[in-house]
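Observations on the model geometry
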Amino acid sequence: MSADALGAEADGFFDMLEERRRSSDLSYAFRSFNPLPYRGATDISASTLNRMVLESQYLSYVIQEIMLESDEPREMLLEEASALLDEMSQNLQLGFIRLLGYAMNKVFKSVFSSIHVNEDGLTRLQQAIQEYPVILLPNHRSYMDFLVLSYIMFTYDLSIPVIAAGIPLMGMKLIGEIFRRSGAFFIRRAIGSDKLYWAVLSEYVRTIVRTGYAPLEFYIEGLRSRTLKSLTPKLGMLHMVLEPFFKGEVFDISLVPISISYERVLEESLLAHELLGVPKPKETTGALLKARTVLKENYGCMHVFFGNPVSVRDLVKGKINHRQYNLVPRDLPMKPSKEMQEFVSGLAHTIIRLQERNVVLSAWNLMAVVLLQNLQGIDLDLLTQKTLWLRRLAQRFGAHLRWPENVSDSEVMSSSVSLHHSVVRCEGGRVYLVEEEGPGPVTQEEGVFKQAAAVLMCASYRNQAVHVFTRPAMVAVAMTTAASHRTDDIFHNFTFLLELFSNEFVVIPGQAVQDFEEGCSLLQESGVIGRSDEEIYVKDNGQETIIFLRAILQPFIESYQVVFRYLCEESSQTLSEKMFSTNIRSFIMKLLISGEVQSYECLSSDLHKNVLSALLRMDAVTKTKVDDQNEFSVNKPAVKKIWDMLSHGWTPQISVDARL
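Values in this document were obtained by computation on a predicted structure and should not be read as measured data.

Our next topic: the overall build of the chain. Each helix and strand counted, the chain has 29 helices and 19 strands in total. The dimensions of the chain, computed from C-alpha atoms along their principal axes, are 70 × 60 × 60 Å. Put simply, of all contacts in the chain between residues at least 6 apart along the chain, 78% involve residues at least 24 apart. Surface accessibility of the chain: about 28,100 Å² in total, with carbon and sulfur atoms responsible for 51%. Placing the 66 positive and 79 negative side-chain charges of the chain at their respective mean positions leaves the two points 2 Å apart.

Here is the structure:
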């Protein structure tokens with residue numbers, strides 16, 4: 001399954017807010033709305049949908065199983081299932097879509113200078129909605145994601161989707177009910193082994209798909225990305241939406257990858273602080289009202305790219321044996337085979353790669369890359385020069401860039417600095433990261449925290465572009481650390497990096513050869529490397545690019561090395577998850593203060609979790625549940641071996657002169 005084969009060019013955008021600014025918000029909200037529905041749809045109400053779930057043979061079978069396991073009476077379990085469905089289910093009503101449309105029209109015109117949508121994507125989506133059940137799969141970078149797709153669908157007469165949302169949104173007084181009546185259905189974060197909840201949720205999702213009730217929207221990453229990088233996909237919902245196809249209840253399903261790109265993210269400061277261990281604020285109506293000051297800021301442009309609909313029927317040809325589904329009645333639960341699990345995992349990773357390929361980058365994303373390699377500040381003229389160099393490289397690597405036409409490069413740079421005044425400032429022709437102001441003198445720890453918050457805010461914008469450089473950067477590091485110029489040695493080091501960092505950067509399972517070839521081809525086509533039958537070498541004029549690409553991965557490599565060091569030096573071989581989170585942050589804080597560690601990104605809690613996930617996958621750490629808490633047992637020799645492999649030939653502290 002290749003992301004290249006399914007990709008599309010991110011062009012043909014138009015600004016949908018331009019027309020909205022010329023008309024009144026009321027006339028927009030009460031305009032006629034005549035979407036063309038799915039031809040095979042069953043015209044049913046939300047209450048009828050719920051009744052179909054409760055009366056399904058599948059739910060009846062699961063309840064029977066639970067009765068045998070727990071001795072609970074059937075009536076009580078049915079009552080519990082009905083209560084779960086009431087908590088969960090959406091109640092989509094056009095009147096509330098109009099209300100939300102009115103409010104969003106005002107908000108979006110206020111906070112965004114433009115919202116660019118690809119016109120051909122809307123045309124393809126309209127056609128897909130009429131033919132088969134449609135699953136909308138956007139990336140998730142902001143709370144705004146939840147609202148923007150419904151706003152676009154309403155604006156262009158497309159069927160309003162039902163949306164899988166986190167349960168905290170339901171608890172927001174008034175707002176939760178507006179969301180429910182705008183198509184949101186609410187899912188608990190921690191379902192665990194609650195058999196009845198799984199049964200109600202999965203049958204609810206399958207019934208929506210099976211009946212063609214509405215397009216279904218969910219985030220394949222599961223959560224909003226706090227780093228603005230793509231997250232490893234969660235597979236539960238994807239299994240649920242695909243099952244009606246595999247059981248022969250629908251002829252095909254169209255999966256639509258959607259890339260939402262923000263020039264500036266509303267939650268930029270909140271996200272950085274969450275990564276540093278500051279608790280996430282509760283999602284309440286009061287908190288939303290207090291956050292209104294955020295809406296007085298300018299957040300620049302948003303781009304929404306609707307990708308090519310992906311036919312599940314086409315994808316499974318030759319990959320899945322359908323006969324296994326003919327052996328089990330449609331209404332009975334069926335555990336996915338290993339073959340099915342691998343297919344769904346590959347598909348989920350492919351969808352995320354498609355999302356990445358159609359992300360639209362701004363000048364600011366490239367500036368952030370340069371700024372993070374020059375934390376002591378950089379002259380604006382030099383920043384401009386290096387950003388333009390990076391722009392050419394990114395375009396050669398296939399990035400989609402929004403660079404304003406008929407505007408001088410210096411004006412593009414200065415307007416980006418102005419828009420991101422919360423992250424950078426320009427003084428005396430020199431650009432610096434902005435640190436939070438606070439009352440009175442600060443301790444060393446507080447000083448490091450402020451610097452780290454500034455770096456992580458800037459890093460989030462670099463992360464929006466990092467997928468463009470990941471594979472060439474891994475080749476660059478592998479070439480530097482390999483024992484020789486032989487392709488086999490370099491590929492060996494590349495596969496190690498790919499495995500180690502597969503929670504940091506999304507890679508399609510089983511495609512290491514294709515990823516290596518992609519990285520090498522991009523470098524070769526850019527004139528950075530040369531290749532013979534058995535060797536790869538850096539060309540004389542390619543050294544600058546190789547050093548830059550190594551520097552992009554440097555914060556990740558240094559952070560992993562620091563966590564490995566902590567695990568090897570920690571006296572106990574068993575750590576609770578809570579103890580690990582607290583101790584690793586304290587350990588890194590001391591190293592930053594002493595100057596032993598350079599990268600403030602080492603303090604990111606998401607990065608710490610990713611290191612543990614990598615070590616679990618590589619059998620250097622094992623996880624067990626003790627009193628509902630995760631506990632990790634560390635195999636120190638195995639961790640030390642991985643640490644040595646990562647450190648071999650790598651000098652973590654690249655000199656400033658060697659960076660961009």
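What follows concerns unusual backbone geometry. Notably, Asp157 is not glycine yet its phi reads approximately 55°, a positive angle. With a phi close to 60°, Asp619 is a non-glycine residue in the positive phi region. Relative to the assigned elements, Asp619 resides in the loop between helix H28 (605–617) and strand E18 (621–626). We classify Asp619 as exposed; its relative accessible area is 62%.

The first and last C-alpha atoms of helix H23 (residues 466–481) sit 21 Å apart over 16 residues, in line with the 22 Å expected at 1.5 Å per residue. At Pro472, H23 shows its strongest bend, of approximately 35°. H23 sits mainly inside the fold: 15 of its 16 residues count as buried.

Before going further, it helps to spend a moment on the pairing of strand E13 (residues 424–427). Of the strand pairs in this sheet, E13 and strand E14 (residues 430–433) are connected by four bridges, and their pairing is antiparallel. Residue pairing in the sheet places Cys426 in a bridge with Val431 of E14.

Turning next to the sheet that holds strand E19 (residues 629–634). Pairing is antiparallel in the open sheet, where three strands are placed in the order E17-E19-E18. Strand pairing shows two members of the sheet lacking a second neighbour, strand E17 (574–576) and E18, which therefore form its edges. The average undirected angle you get between the axes of adjacent strands in this sheet is 30°. Bridge count for E17 against E19 is three bridges, and the pairing is antiparallel. Each residue of the ladder has a partner; that of Ser576, found in E19, is Glu631. Sheet contacts for H28: E18 and E19; angle to E18, the most-contacted strand, approximately 105°.

The geometry of helix H19 (residues 363–372) relative to helix H20 (residues 380–396) is characterised by a closest axis approach of 9 Å and an angle of 115° between their N-to-C directions. Between H19 and H20, the interaxial angle falls into the category roughly perpendicular. The element H19 and its partner H20 pack so that their crossing is right-handed. Here Ala363, Leu366, Met367, Val369, Val370 and Leu371 of H19 lie close against H20, whose contacting residues are Leu383, Lys386, Thr387, Leu390, Arg391 and Ala394.

Looking now at the confidence of the model for the chain. Here the chain shows a mean pLDDT of 90. Residues at 70 or above account for 92%. Taken element by element, the chain is modelled with least confidence in helix H1 (residues 3–6), mean pLDDT 45, and with most confidence in strand E3 (residues 134–138), mean pLDDT 98. The low-confidence segment residues 4–10, where pLDDT is below 50, has 19 contacts with residues more than four positions distant or belonging to other chains.

Below, the discussion takes up the packing of aromatic side chains. The description of two aromatic rings rests on the distance between their centres and on the angle between their planes. Taken as a whole, this structure holds 25 aromatic pairs when the rule is applied. Note on Trp389 and Phe548: the rings are 5.6 Å apart at their centroids and 90° apart in plane angle, and the pair reads as edge-to-face. Within this pair, whereas Trp389 is found in helix H20, its partner Phe548 is found in helix H26 (residues 543–569), the two being separated by 159 residues in sequence. Arg224 extends its terminal NZ or CZ atom over the ring of Tyr143, reaching a point 4.3 Å from the ring centre.

A sheet is described by the order of its strands in space; here three strands give the open sequence E11-E14-E13, paired in antiparallel fashion. With partners counted over all chains shown, the strands left at the sheet margins are strand E11 (378–379) and E13, one partner each.

Next up on the list: the state of the cysteines. Here is the idea: a disulfide is a covalent bond, and it sits between the sulfur atoms of two cysteines. Under the defined criterion, the tally for this structure stands at zero disulfides. Cysteine Cys426 is unpaired, with the sulfur of Cys458 as its nearest cysteine sulfur at 14 Å. You can call Cys426 partly exposed: its relative accessible area is 37%. With relative accessibility at 0%, the residue Cys458 sits in the buried group.

Our focus in this paragraph is the pattern of salt bridges. The full count for this structure, using the stated rule, is 40 salt bridges. Of the charged contacts in the structure, one is a salt bridge between Glu534 and Arg486, with a shortest N-O distance of 3.6 Å. Of this pair, Glu534 sits in the loop between strand E15 (529–531) and strand E16 (536–538) while Arg486 sits in the loop between H23 and helix H24 (487–500), placing them 48 residues apart in sequence. Across the salt bridge formed by Glu517 and Arg531, the nearest N and O atoms sit 3.0 Å from each other.

On to the side chain of Glu570, then. Residue placement: Glu570 occurs in the loop between H26 and E17. Buried and without a salt bridge, Glu570 has Lys636 as its closest oppositely charged side chain, separated by 6.9 Å. Discounting residues that sit within four places of it in the chain, Glu570 has contacts with Leu575 and Lys636.

So, on to the pairing of E19. Remark: a regular strand shows side chains that alternate across the two faces of the sheet. With burial as the criterion, only one face of E19 is covered, namely that bearing Asn630, Phe632 and Val634; the residues Gln629, Glu631 and Ser633 on the opposite face remain uncovered. Pairing between E18 and E19: six bridges, direction antiparallel. Looking at E19, one finds that Val626 is bridged to Gln629. Joining the antiparallel neighbours E18 and E19 is a turn of two residues, in which Asp627 adopts a positive phi near 55°.

Attention now goes to the packing of H23 against H24. Packing of H23 against H24 leaves a shortest axis separation of 8 Å and a crossing angle of 125°. Here H24 runs oblique to H23, going by the angle between their axes. Every pair of crossing elements has a handedness; the one defined by H23 and H24 is right-handed. Listed contacts from H24 to Arg471, Met474, Val475, Val477, Ala478, Met479 and Thr481 of H23 are Ile490, Asn493, Phe494, Leu497 and Leu498. Class assignment for the residues of the contact of H23 with H24 results in nine nonpolar, two polar and one charged.

Considering soluble globular proteins, one finds that nonpolar side chains tend to be buried as a cluster. Core analysis: the biggest nonpolar cluster contains 156 residues, and Phe108, Phe112, Val304, Phe469, Phe501 and Phe564 have the highest contact counts within it. Ignoring sequence-local partners within four residues, the contact set of Phe564 consists of Leu500, Val611, Leu615, Val639, Ile642, Trp643 and Leu646. By size, the runner-up hydrophobic cluster in this structure holds 59 residues, among which are Leu59, Ala164, Val200 and Val316.

On to helix H29 (residues 636–647), then. Compared with the 16 Å implied by 1.5 Å per residue over twelve residues, the 16 Å span of H29 between its first and last C-alpha is a close match. All of the buried residues in H29 are Lys636, Ala638, Val639, Ile642, Trp643 and Leu646. Buried positions in H29, seen along its axis, are confined to an arc of 160° and lie on one side of it. Those residues of H29 that are exposed and angled more than 90 degrees off the buried face are Pro637 and Lys641. Where the residues of H29 are buried, they touch H24, H26, H28 and E19.

What counts and how
- Residues numbered from 1 in each chain as written.
- Predicted model: local features only at pLDDT ≥ 70, side-chain atom pairs only at ≥ 80, totals over all residues.
- Heavy atoms only, no water.
- Helix = DSSP H or I, 4+ residues; strand = E, 2+ residues; numbered from the N terminus.
- Contact = heavy atoms within 4.5 Å.
- Areas by Shrake-Rupley, 256 points an atom, 1.4 Å probe, with all protein chains shown as cover.
- Lys, Arg positive; Asp, Glu negative; His and termini not counted.
- Charge placed at Lys NZ, Arg CZ, Asp CG, Glu CD.
- Buried < 20%, exposed > 50% of the residue type's maximum accessible area, 1.4 Å probe, protein only.
- Expected span 1.5 Å × (residues − 1).
- Bend = angle between axes of the 7 residues up to and from the residue.
- Pairing = 2+ DSSP bridges.
- Axes fitted to C-alpha atoms, helices over the stretch in contact; angles between N-to-C directions.
- Parallel < 35°, antiparallel > 145°, perpendicular 65-115°, else oblique.
- Left-handed = near helix turned anticlockwise from the far one by under 90°.
- pLDDT = per-residue confidence, 0-100.
- Phe/Tyr/Trp six-rings, centres within 6.5 Å; stacked < 30°, edge-to-face > 60°.
- Lys NZ or Arg CZ within 6 Å of the ring centre and 35° of its normal.
- Disulfide = S-S within 2.5 Å.
- Salt bridge = Lys/Arg side-chain N within 4 Å of Asp/Glu carboxyl O.
- Nonpolar A, V, L, I, M, F, W, Y, C, P; charged D, E, K, R; others polar.
- Core = buried A, V, L, I, M, F, W, Y, C linked by side-chain atoms within 4.5 Å.
- Arc of directions from axis to C-beta.

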